Amino acid sequence: MRLLKLALTGLLWTTVLLCLDLIVLPHFLDRIYYRGPATAHFDGAHFFNPDGDDDRLPASGSRIGFLARRLFGDPGQPAWPERVAVRPAKPAARVEGAAMHATWIGHATLLVQTNGLNILTDPVWSDRAGPLGFGPRRVAAPGIRFEDLPRIDLVLVSHNHYDHLDLQTLRRLWQRDRPIIVTSLGNDSVIGQAGVPARAFDWGGRLAIRPDVDVTVTRNHHWSSRWFSDRNRALWSSFVVRLPGGNFFFAGDTGLGDGKWPAEAAALGPIRFAAIPIGAFRFEEGQMASGSHIGPRDAIRVWDGLGRPFALPIHWGTFRLSREGYDTPPRMLDAMMRCAGSDPARFAPVAIGVPVEVPALAAPPPHPDMIGVERCLTPPLRR
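Note that this is a predicted model, so its numbers are computed, not measured. (Residues numbered from 1 in each chain as written. Predicted model: local features only at pLDDT ≥ 70, side-chain atom pairs only at ≥ 80, totals over all residues. Heavy atoms only, no water.)

1. Description of the overall build of the chain
Scanning the chain from N- to C-terminus turns up nine helices and 13 strands. When contacts within the chain are restricted to residue pairs at least 6 apart in sequence, those whose partners lie at least 24 apart make up 71%. Element-wise, carbon and sulfur atoms account for 59% of the exposed surface of the chain, whose accessible area totals about 16500 Å². (Helix = DSSP H or I, 4+ residues; strand = E, 2+ residues; numbered from the N terminus. Contact = heavy atoms within 4.5 Å. Areas by Shrake-Rupley, 256 points an atom, 1.4 Å probe, with all protein chains shown as cover.)

Quick look at the structure:
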């Protein structure tokens, strides 16, 4: 009885503190990562999506209820495996010339090797994606052990959510390799907390890496926060890496928004290879996308807007962030690509840790039949 009373008291105080944190403390703990003039997506204090902000919590339910389901579980959601077997790859030190190899390490972390350059996206090797040891635990080990990772030249960091910006991993990379780290405005301040320098740019900003390689920070549709009180104090982005054999596009973490930003990225030059998210899209039963995350249906729209390059689906099967089943995103993507009349091999799921040889740049296939995709949304695909 005494233990029950203590547990209930602890739960009560936890709830009280959470409410205070959500309502009162943000006014006193506000963190400013960037100062600059107002723009079409910055009001002088906070960044926003110029195509409209629809990145709030699902329409039904309260913020407290949403957080409670994330903390204590949602009995209505499909079960996920505790652990997924991964056979880590041991990539080559370099891939020279026009050849391009890509290895999905998990979630949004990807190693791209080409032209003697090693590129790493949103590197996360930590076991949990969250502050102070809290947050979702990975169900799949990294597809490359950190000690087997080749020397990294360029790191792209899309935004400051914990499942994309991992200070512990960035510190290890900086201490070992001293890579160039490129991100969007304000995130350099967050990364600097680990004693790591980063180059931060607004959308459209470009950094030369060497004469034949540069990085452009490009628009997508998302939001940012490391804590409840710093919402949208730093910018989010996608990236185009210009390469001699065709560009590499990294979508970061994104919703569809107005759907015009993929074509803006493609306008910088033909895209040979793209990393596009397909998971963490369902927060309500039957949902096919959220304001800040695309599911497979909208991922195909992004792929089409990019010029239908060879693409790898990411942002699924590593950290549980939403309600869909573990393998729902890749099953949906494969079925929808077929319903669209598109070659599923052009945008096909792969296992974590399996190296992929990216084909040379070629004429794009026909546009997908999105009406066919909509017809494909039968009840089995809605689970």
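Once the structure has been displayed, the description carries forward.
2. A word on the state of the cysteines
Within this structure, the stated rule accounts for one disulfide. The disulfide bridge from cysteine 339 ends at cysteine 376, spanning 2.2 Å between sulfur atoms. In this structure the cystine formed by cysteine 339 and cysteine 376 twists about its S-S bond by roughly 55°; its chirality is therefore right-handed. Of the two residues, cysteine 339 is situated in helix H8 (residues 328-339) and cysteine 376 in the segment after helix H9 (370-375); the sequence distance between them amounts to 37 residues. Of the residues examined, cysteine 339 reaches a relative accessible area of 30% and is grouped as partly exposed. You can call cysteine 376 buried: its relative accessible area is 10%. (Disulfide = S-S within 2.5 Å. Buried < 20%, exposed > 50% of the residue type's maximum accessible area, 1.4 Å probe, protein only.)

3. Quick look at the nonpolar core
Grouped together as the largest cluster of nonpolar side chains are 69 residues, with contacts concentrated most on Leu156, Phe248, Phe273 and Ile276. Take this core: its biggest share by element is five residues, from strand S11 (residues 271-277). Excluding residues within four positions of it along the chain, isoleucine 276 makes contact with Ala251, Ile294, Ala299, Val302, Trp303, Leu306, Ala311, Leu312, Pro313, Ile314 and Phe347. Grouped together as the second largest cluster of nonpolar side chains are 24 residues, Ile152, Leu170, Val190 and Ala234 included. (Core = buried A, V, L, I, M, F, W, Y, C linked by side-chain atoms within 4.5 Å.)

4. Notes on the sheet that holds S11
Pairing in this open sheet of six strands is mixed, and the strands run S7-S8-S9-S10-S11-S12 from one edge to the other. Of all the strands in the sheet, the pair left with one neighbour each is strand S7 (206-210) and strand S12 (310-314). Neighbour-to-neighbour, the strand axes of the sheet open up by a mean angle of 15°, direction not taken into account. When strand S10 (residues 247-250) meets S11, the two strands line up parallel, connected through four bridges. Across the sheet, phenylalanine 250 pairs through a bridge with alanine 275, a residue of S11. (Pairing = 2+ DSSP bridges. Axes fitted to C-alpha atoms, helices over the stretch in contact; angles between N-to-C directions.)

5. Regarding the packing of aromatic side chains
What characterises a pair of aromatic rings is the spacing of the ring centres plus the angle enclosed by the ring planes. Per the counting criterion, the structure on display carries 11 aromatic pairs. Taking 6.2 Å as the distance between ring centres and 10° as the angle between the ring planes, the aromatic pair formed by phenylalanine 239 and phenylalanine 250 counts as stacked. Pair noted here: phenylalanine 239 is in strand S9 (residues 238-242) and phenylalanine 250 is in strand S10, with a separation of 11 residues, a long-range link. Overall, phenylalanine 239 belongs to the buried group, its relative accessible area being 0%. (Phe/Tyr/Trp six-rings, centres within 6.5 Å; stacked < 30°, edge-to-face > 60°.)

6. Brief notes about the environment of phenylalanine 250
Residue phenylalanine 250 is classed as buried on the basis of its relative accessible area of 0%. Taking the C-alpha atoms as reference, phenylalanine 250 lies 9.2 Å from serine 237; in sequence the two are 13 residues apart.

7. So, the pairing of strand S4 (residues 154-157)
Here S4 shows a buried face lined by Leu154 and Leu156 and a second buried face lined by Val155 and Val157. Sheet topology places strand S3 (residues 117-121) next to S4; three bridges connect them, and they run parallel. Across the sheet, threonine 121 pairs through a bridge with leucine 156, a residue of S4. The pairing of S4 with strand S5 (residues 180-184) spans four bridges and is parallel. Following the sheet pairing, leucine 154 is matched in S5 by isoleucine 180. Between the parallel elements S4 and S5, the chain passes through helix H4 (residues 167-177) in a crossover that is right-handed. (Right-handed = clockwise from strand over helix to strand, strands pointing away.)

8. Section: empty space enclosed by the protein
Under the criterion given, the structure shown has one cavity of 30 Å³ or more. By volume, the largest cavity amounts to about 70 Å³. Taken together, 14 residues make up the lining of the largest cavity; nearest its centre are Trp80, Ala280, Trp316, Phe319 and Glu324. For the lining of the largest cavity, the class distribution of residues is six nonpolar, seven polar and one charged. (1 Å grid on protein atoms, 1.4 Å probe; cavity = no way out; pocket = protein on both sides within 12 Å on 5 of 7 lines; lining within 4 Å. Points joined across faces, edges and corners; volume = space filled by probe spheres on them. Nonpolar A, V, L, I, M, F, W, Y, C, P; charged D, E, K, R; others polar.)

9. Observations concerning the confidence of the model for the chain
For the chain, per-residue confidence averages 89 on the pLDDT scale, and residues scoring 70 or more make up 85% of the total. When the criterion is pLDDT under 50, residues 19-28 qualifies, and its contacts beyond four places in sequence or with other chains add up to 12 contacts. In the model, residues 57-62 has pLDDT below 50 throughout and makes seven contacts with residues more than four positions away in sequence or in other chains. (pLDDT = per-residue confidence, 0-100.)

10. A closer look at the pattern of salt bridges
Opposite charge on two side chains permits pairing when their charged atoms draw close. Applying the stated rule across the entire model yields 17 salt bridges. Across the pair aspartate 127 and arginine 83 runs a salt bridge, and its minimum N-O distance is 3.8 Å. Linking aspartate 127 in the loop between S3 and S4 with arginine 83 in the loop between helix H3 (63-72) and strand S1 (100-106), this pair joins segments that are 44 residues apart in sequence. For the salt bridge of aspartate 127 with arginine 137, the shortest nitrogen-to-oxygen distance reads 2.3 Å. (Salt bridge = Lys/Arg side-chain N within 4 Å of Asp/Glu carboxyl O.)

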